[in-house]
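# Coordinates in review
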Amino acid sequence: MANLRSETTKLRAALTGQITQIMRDSANTSVFKEGKVQSHLLHKARLRIGVQLNSCLATADAPSKCCSSISEYEIKRAAFTIAYAMVNPCVLIRVADYVDWDVERYAEMAKCSPPKADGSPSPEIERLQKYFPQAAIGKISAPATIVDRHGKIMMVYLPGILSRSRVDYVNTATKGLRNLLLRTILTSSASKPSWRSQGFVVPEGGGIFGAGRVTVSPAYFMQRHERIQDPLVTSASYSSAEVQEWLAALSATEYFWNAITAASAPGLFEAGSTAISEVVQQVRGASKPDAVPVPQWPSIFSGLEVIANRVTFSHRDPGGAPSLFDLLVSLGIGHEAKLTLRDIGAELDYHPGTMVFISGKVLEHSIGPWIKGERLVIAHFMKDKVHSRVGVPRPAFPTQDFFLQMVGRQTKRE
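This write-up is about the structure you can find in this document. (Residues numbered from 1 in each chain as written. Predicted model: local features only at pLDDT ≥ 70, side-chain atom pairs only at ≥ 80, totals over all residues. Heavy atoms only, no water.)

Turning next to the packing of helix 2 (residues 39-57) against helix 3 (residues 72-86). Remark: helix 2 packs on helix 3, axes separated minimally by 9 Å, with the N-to-C direction vectors making an angle of 150°. Between helix 2 and helix 3, the angle falls in the class roughly antiparallel. In the packing of helix 2 onto helix 3, the handedness of the crossing is left-handed. When helix 2 is examined against helix 3, the residues R46, I49, G50, Q52, L53, C56 and L57 are found in contact with a partner set consisting of Y73, K76, R77, F80, T81, A83 and Y84. Of the residues assigned to the contact of helix 2 with helix 3, the class counts are eight nonpolar, three polar and three charged. (Axes fitted to C-alpha atoms, helices over the stretch in contact; angles between N-to-C directions. Helix = DSSP H or I, 4+ residues; strand = E, 2+ residues; numbered from the N terminus. Parallel < 35°, antiparallel > 145°, perpendicular 65-115°, else oblique. Left-handed = near helix turned anticlockwise from the far one by under 90°. Contact = heavy atoms within 4.5 Å. Nonpolar A, V, L, I, M, F, W, Y, C, P; charged D, E, K, R; others polar.)

Right, here's the structure in full:
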């Protein structure tokens, strides 16, 4: 855990420092007037940051030392991508894009029922539209945030935030899980399997990544064992040689993704950091002498799920909380998958190198069939009951005002 804290802290400082400077330099004055955001001033700031982002993306990526450290280029690329997303809230793009409801009230009404067995949409969206105005945001390809009527952010969309060399490196590391992934679908014999065990498309010959899903967690509750007397346990997959090798290879990358979380959703980062420290202490105290050491866990999220080549049915995630965002990292090779959000009528490009922070408890999401290539995702999640066990409160939603107040902000002179 010491490495997680120290390395993440360094990367967080470097990343947030650059984002602050980018936002400050994007305008000569604040975008607020009498407490309200002025869309024309925000548009100008967005144009300036967009020019810088495009220039950065056109710069050649240096892949050296990719496994052991994060390059200055990667930090710069992430900083421009996050800054652009924050000055591009969908609530301000067009009037029709306004998500005219309160995310917390919407969350109270939304039901997390499982998808239909055939993958067809559930009637939940139609039911909710009786109580909340329908949103129709449409296609999104540029970095953006989805914001509710009060300025609470419920999704941060970061396409292209990861460099080609970083995607290639994680892809290569994850190839080592190919056989483990394939075994998860070949050994499934349940008469009524969970929808999460369906939709896999095995490439001819098994492909590069195979197909399947592997969930890894240093501390979670076993299904239907979430009472006060039930202990936190480590997932069986955590101790496998393949998973341990994969986690070791991805340590530096996960530290970087922790820093991106801190920059994009500060409250989520603090909640995750506090909770993972506590749960690791609990599990370590109860571990057997020959158990794999959980303090080597590299993420502030309490669980990772590797999913290869799956069509994902439209669903909400029941185990989280509205403000405990999932982090979806889209990887793979040569695919052009789309992430669909039915509640807000949005379709997002979900190409390799994309990261999405999403309130999976609130927004129904799916990934339909893709035409070519192989799809891989590493889904990061936090379980609300795990956080409750260790006494960590739910974080507040990040707000657009927190980020927009940085625009044009000048430092005080001595």
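This is not the end of the story, as more comes after the structure.
With that out of the way, let us pick up the sheet that holds strand 5 (residues 153-158). Across the sheet, seven strands lie side by side as 4-5-12-9-14-7-6; this open sheet has antiparallel pairing. Two strands bound the open sheet, and with one partner strand each, they are strand 4 (144-147) and strand 6 (212-216). Here the average twist between neighbouring strands, direction ignored, is 15°. Of the strand pairs in this sheet, strand 6 and strand 7 (residues 303-308) are connected by five bridges, and their pairing is antiparallel. Bridging across to strand 7, G212 finds its partner in A308. Along the sheet, helix 6 (residues 164-174) contacts strand 7, strand 9 (326-333) and strand 14 (374-381); its crossing angle with strand 9, the most-contacted strand, is approximately 85°. Contacting strand 5, strand 7, strand 9, strand 12 (354-358) and strand 14, helix 9 (residues 251-264) runs over the sheet at an angle of about 50° to strand 12. (Pairing = 2+ DSSP bridges.)

This next bit is on the sheet that holds strand 13 (residues 365-367). Strand order in this open sheet of five strands is 3-11-10-13-8, and the pairing throughout is mixed. The open sheet is flanked by strand 3 (138-140) and strand 8 (312-315), the only strands paired with a single partner. Neighbouring strand axes in the sheet, compared pairwise and without regard to direction, differ in orientation by 20° on average. In terms of strand pairing, strand 8 meets strand 13 through two bridges, oriented antiparallel. Directly across from T312, in strand 13, lies its bridge partner I367.

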